[in-house]
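Notes for the structure review
Okay, here's what each chain looks like letter by letter:
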Amino acid sequence: MHLLVSTPGRVYTYSQIYQLVWQEYPHGDIANIIYCMVHRLKQKLKKVDVNAEHIISSVKEVGYCLRGYKES
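All of the points below concern the structure found in this document. (Residues numbered from 1 in each chain as written. Predicted model: local features only at pLDDT ≥ 70, side-chain atom pairs only at ≥ 80, totals over all residues. Heavy atoms only, no water.)

Overall, the coordinates contain two aromatic pairs when judged by the stated rule. Each ring, one from Y14 and one from Y64, has its centre 6.1 Å from the other, and the planes form 75 degrees; the classification is edge-to-face. Residue Y14 is located in helix α2 (residues 14–22), and its partner Y64 is located in strand β3 (residues 63–66); the two are separated by 50 residues in the primary sequence. Judged by its relative accessible area of 17%, Y14 is buried. Judged by centre distance (4.8 Å) and plane angle (40 degrees), the ring pair of Y18 and W22 falls under tilted. Separated by four residues within a single helix, Y18 and W22 lie in helix α2, roughly one turn from each other. For Y18, a relative accessible area of 5% gives the class buried. Taking the relative accessible area as the measure of exposure, W22 reaches 37% and is therefore partly exposed. (Phe/Tyr/Trp six-rings, centres within 6.5 Å; stacked < 30°, edge-to-face > 60°. Helix = DSSP H or I, 4+ residues; strand = E, 2+ residues; numbered from the N terminus. Buried < 20%, exposed > 50% of the residue type's maximum accessible area, 1.4 Å probe, protein only.)

Moving on: unusual backbone geometry. With a phi close to 55 degrees, Q23 is a non-glycine residue in the positive phi region. Following the sequence through the fold, Q23 ends up in the loop between α2 and α3 (30–48). Residue Q23 is classed as exposed on the basis of its relative accessible area of 64%. A positive phi is found at E61, a non-glycine position, where the angle reads about 60 degrees. Here E61 shows up in the loop between β2 (56–59) and β3.

Everything listed here is a matter of coordinates, which is why it stays silent on function.
This is the structure we're talking about:
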């Protein structure tokens with residue numbers, strides 16, 4: 001979460017997320033590993049606020065980013 005929050009709107013690839021979070025070269029099915037991690041994170045966010053899980057956006061076949069927040 002810290003990675004995405006530190007640069008809202010920036011898209012991180014699955015490989016970049018893996019390398020930055022685990023500090024090692026990606027191996028295995030990294031798309032699935034990252035998907036599972038983000039899914040668990042979204043479930044935790046949903047417990048805090050029903051709409052909070054939607055702030056993390058998936059970029060199909062690329063990675064994830066944090067949506068920009070708009071105040072009303």
